[in-house]
Amino acid sequence: MPTGPTFRPAILAAREKLAEGRAKLRVQHDRGSPGIQVCARLTDLLDTVLLDLFHDALSLESQDIEPLITLVPHGGYGRRDVAPFSDVDLMLLHEQGSATGIQPFIRRFTQSIYDTGLDLGFSTRTPRQACTLALQDPTIFTSLVESRFLGGSVQLSTRFFNKFRKSARRHSTALISNIEAARQEERQQFGETVYLLRPNIKRSRGGLRDLQLIRWIGFARYGEAEYKSLERAAILHQEDHDRILDAREFLLRLRNELHFHAGKSQDQLDKEEQVRLAEKYHFPGDDSVLPVENFMREYIDHTNDVRYVTANLLSEAKQRVTLPSVVGQWFSHRVGNDFRVGTHHISATRQGLAKVCDNLEEILRLMDLSNRYNNRIDQPTWRAIRHSMISRPHIDVSPRAAELFLSLLSQPARLASLLRRLHELRALEKLVPAVAHARHLMQFNEYHKYTVDEHSIRAVEAATSFQNFNGPLGRAYAAIRDKRTLHLALLVHDLGKGFDEDHSEVGRRIAAETAAQLGLPKHETELLCFLVHKHLRMSHLAQRRNINDDVVVADFAFECGSLEALKMMYVLTCADLAAVGPDVLNSWKLDLITQLYERTSEHLAGESVTGSGGSHPQIRGEIRAMIDNEPNRQWWYAQIKALPRTYLADTPPETIIGQLRELQELPRDAARAWGRYLPERAAAEYTIGTHETITSGIFYKLTGALSSKGLKILSAEIHPLTDQLVLDRFFVNDLDYSGEPPPERIDEINRALVSALCDPHDTPPNFRRLWVGDAATADVDAVGHLPVQVRIDNSTSDQYTILDIFAHDQIGLLYTITKTMNVLGLSVHIAKIGTYLDQVVDVFYVTDHDGEKIVNDDRLAEIQQQIHTALAAPGP
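An account of the accompanying structure is given in this report. On a predicted model such as this, the values are computed, not experimentally measured, just so you know. (Residues numbered from 1 in each chain as written. Predicted model: local features only at pLDDT ≥ 70, side-chain atom pairs only at ≥ 80, totals over all residues. Heavy atoms only, no water.)

Attention now goes to helix H31 (residues 616–626). Residue pairs spaced three or four apart in an α-helix point in one direction, given the helix's 3.6 residues per turn. Regarding H31, the residues found buried are Ile-619, Arg-620 and Ile-623. Viewed along the axis of H31, the buried residues span an arc of 100 degrees, placing them on a single side of the element. Away from its buried face, by an angle of more than 90 degrees, H31 presents the exposed residues Pro-617 and Ala-625. Buried residues in H31 make contact with helix H32 (633–642), helix H33 (645–650) and helix H34 (653–664). (Buried < 20%, exposed > 50% of the residue type's maximum accessible area, 1.4 Å probe, protein only. Helix = DSSP H or I, 4+ residues; strand = E, 2+ residues; numbered from the N terminus. Arc of directions from axis to C-beta. Contact = heavy atoms within 4.5 Å.)

Right under this line is the structure:
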């Protein structure tokens, strides 16, 4: 006996029709049918099913209510580009005063739709209610722009559409403002730039939502939503019209594939999908550029076209003859006969426009004026230049054009914005030819968030923003005399990517070619090549080497050769990190890089640049003066002499004395731990004091205790004192807290550290599994685990052997590394832990148990092999 629900024949027929229709559409899609065609046929299928259910529900009514109601599809369904698993947005319009009488019909009709398995977005309104709500809510307005008649009363729908259109034109200014604000808010959430490497194809900038924005603005301002109608009215240029149709087809087909493959609504283009789609659509690749990178380059080409057309249409739709614009004309002035400078914009005259469209020098002259007056170039001038530049594949760079470009580079104001505009015009690659190769070039890794060209311009933008910084970074940028060299180095520094050879080597050649093209003098060419070739050097030293080692500082100072080159390298390094993605240049990294900068400055200048803090002998003297009344002063003097430089510089003298006092009384089988938060570094510091004999493997047990508590270790220092005392310091991020951890949390960590040493056991700690989103996990799988590498550096330090370990980040990784080192009989003295999203670069300064540097080749090979084997094993 059947126990499930029984459905009316109309519902069963609708279910069958939907299933058969979707299966046919999937076949058509797989055979290569255009995306817009699949969407339109799906819309036709939905229309047929909904009309059948509509008439079935009407047939069960005792009275004829069809003249009182109208079915109005809206949103994507109304636009006829509904995706395979998108919601169906449907509005039932009804006559005023009929709401009560039609309620039984509404319940029956909507229940029938739900029973077919469709995801329904349903509303019932009178024409007046719909128009009123649309004026109040931009989401309702934009959805109703896409509305159309499906069934019911034609007269009612005609009345609504006429009223809605007139209402939109009357309130177009406010509507456009509200639509723009809502879209900006959405882009901030899903991606403000088209150069994102994990975009949402619907909501990120340049995606389907911006294609829809063209329709919404066109309807509100001009009364036309269709692209063809906007082109016929000369609102859209034919070239722009063709580009957005190409982009629409590309994005709709892509979205259909994402939906069909997932079997559900799916708009996020994560890296696993990017790899799959590049293979499915047979994108080519070679040793230097992957198929997925070519696929994403085409994606970005289309979304960039959409972004450009949308921005221009929006700008023109917002223009009005207002008092400020009239006053701006009164107070504008001409620059020669070619350009006019107003209060906010600069434009080309009719004579100037003819020149600027044919001459790179005139384009750069206009750019230079815009930069010097800090005014934007108006849209009509931009549009005319862009059209001309796209049609010209090659332009010679004259000495005057090079001079103007270098003048532009020397001025920070609006520099990044102007470089982006030159890039949009395809003029930037005429000046720096390597930009053409980097255009929309994806970096298929988990570190960079933007394409190569966008990253390079963002690096320039980051550097110019440093002029507003207080502190060493802001002062260094302000002190650079010739900023054009720095800005050009930032623009060029990553253009060597996408080739077989190391990008720094290729970049050096590109820098030399660019310098020759722009006519730079020899000394500036050499400096430019140095900055580009060594642009990773300072970051690597600060994050992977002991910057308190005088040899490291002296060698770096020798490489830089001058304070001016050092300042440029310092700013370039910070700008490069800042341009990688949000929060990459965090307080911790900035502090490390700044320390290296200041120590190298002292070496080059022979004096402290910052003038902050005292020398280490002075600090030791101050501490000795404070312990005159302590017993056993010889013990104190010996410990103070053994205190490491970094500990002295970072720790208040009162704290040092307090910790040493506790260590003086510490039993051989005990340990002490202290914790504090360092707001200037946005990190917590944990210091542990004990005797070397308390247990074997002190360092790896401490790392296990910290990692098991969910702490991310940034760096560690291991400092032996006298009397077999040892002082270990760890700098960590507590992922459970966005700022300073509460005192009870610090106490909890301190207890865990002490317990790890005082209650030792061989059982590995239980590591907390931190939550990782599905998309991130999928991206890791798509990229693949980078191979484990163990590199040995015996040249940087005279005292230590340096191990650079590259591995895929995973739970318990640091514990595995340090425990393996303990088994190998290595003593860790300094550790620097760097995590770049999914890749870990851990650096250890080690000796053997006798404190000697390891130089035997067989021993070094054994260390490499053992660590590699431990990390390559599943689930270390």
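Now for the pairing of strand S2 (residues 88–94). The element S2 is extensively covered by neighbouring structure, given that 6 of its 7 residues are classed as buried. In this sheet, S2 lies alongside strand S1 (residues 69–73) in antiparallel orientation, the contact comprising 5 bridges. The residue of S2 that forms the bridge with Leu-71 is Leu-92. Examined bridge by bridge, S2 and strand S3 (residues 120–125) share 6 bridges and lie parallel to one another. Its bridge partner lying in S3, Val-88 is registered against Leu-120. Note on the crossover from S2 through helix H4 (residues 103–116) to S3: the handedness is right-handed. (Pairing = 2+ DSSP bridges. Right-handed = clockwise from strand over helix to strand, strands pointing away.)

Turning our attention to the sheet that holds strand S6 (residues 339–341). Spatially, S5-S6-S7-S8 is the arrangement adopted by the 4 strands of the open sheet, whose pairing is mixed. At either end of the open sheet lies a strand with only one pairing partner, and these are strand S5 (333–335) and strand S8 (376–377). Two strands pair when backbone bridges link them, and S5 and S6 are joined in this way by 3 bridges, in the antiparallel orientation. Paired with Val-335 across the bridge in S6 is Phe-339. Those strands touched by helix H16 (residues 360–373) are S5, S6, strand S7 (345–348) and S8, and its axis lies near 10 degrees from that of S6. (Axes fitted to C-alpha atoms, helices over the stretch in contact; angles between N-to-C directions.)

Attention now moves to the sheet that holds S2. With respect to topology, 4 strands assemble into an open sheet ordered S3-S2-S1-S4, the strand pairing being mixed. Looking along the sheet, the strands with just one partner apiece sit at the ends: S3 and strand S4 (151–152). Against the sheet, H4 contacts S1, S2 and S3, and its axis sits at roughly 165 degrees relative to S3.

Here the focus is the side chain of Thr-651. Relative to the helices and strands, Thr-651 resides in the loop between H33 and H34. On the basis of relative accessibility, which here comes to 5%, the residue Thr-651 falls in the buried class. Of the polar contacts made by the side chain of Thr-651, one reaches the backbone oxygen of Tyr-647; its length is 2.9 Å. Not counting residues up to four positions away in its chain, the partners in contact with Thr-651 are Ile-656, Arg-676 and Arg-729. (Polar contact = N/O pair within 3.5 Å; in protein donor to acceptor, adjacent residues only side chain to side chain.)

To continue, consider the packing of aromatic side chains. One pass over the full model with this rule turns up 19 aromatic pairs. Geometrically, the ring pair formed by Phe-54 and Phe-109 is edge-to-face, given 5.8 Å between the ring centres and 75 degrees between the ring planes. Taken together, the residues span a long stretch of sequence, with Phe-54 in helix H2 (residues 35–59) and Phe-109 in helix H4 at a distance of 55 residues. Judged on exposure class, the residue Phe-54 and its partner Phe-109 are both buried. Judged by centre distance (5.1 Å) and plane angle (40 degrees), the rings of Trp-588 and Phe-731 are tilted. A residue pair is termed long-range when its members are at least 10 positions apart, and Trp-588 in helix H30 (residues 587–605) and Phe-731 in strand S12 (residues 725–734) qualify at 143 residues. For the residue pair Trp-588 and Phe-731, the accessibility class agrees, reading buried in each case. Put simply, the rings of Phe-141, Phe-160, Phe-161, Phe-164 and Phe-219 touch in pairs and so form one group of aromatic residues. The ring centre of Tyr-450 lies 4.0 Å from the NZ or CZ of Arg-458, which sits over that ring. Lying over the aromatic face of Phe-806, Arg-791 brings its terminal NZ or CZ to 4.3 Å of the ring centre. (Phe/Tyr/Trp six-rings, centres within 6.5 Å; stacked < 30°, edge-to-face > 60°. Lys NZ or Arg CZ within 6 Å of the ring centre and 35° of its normal.)

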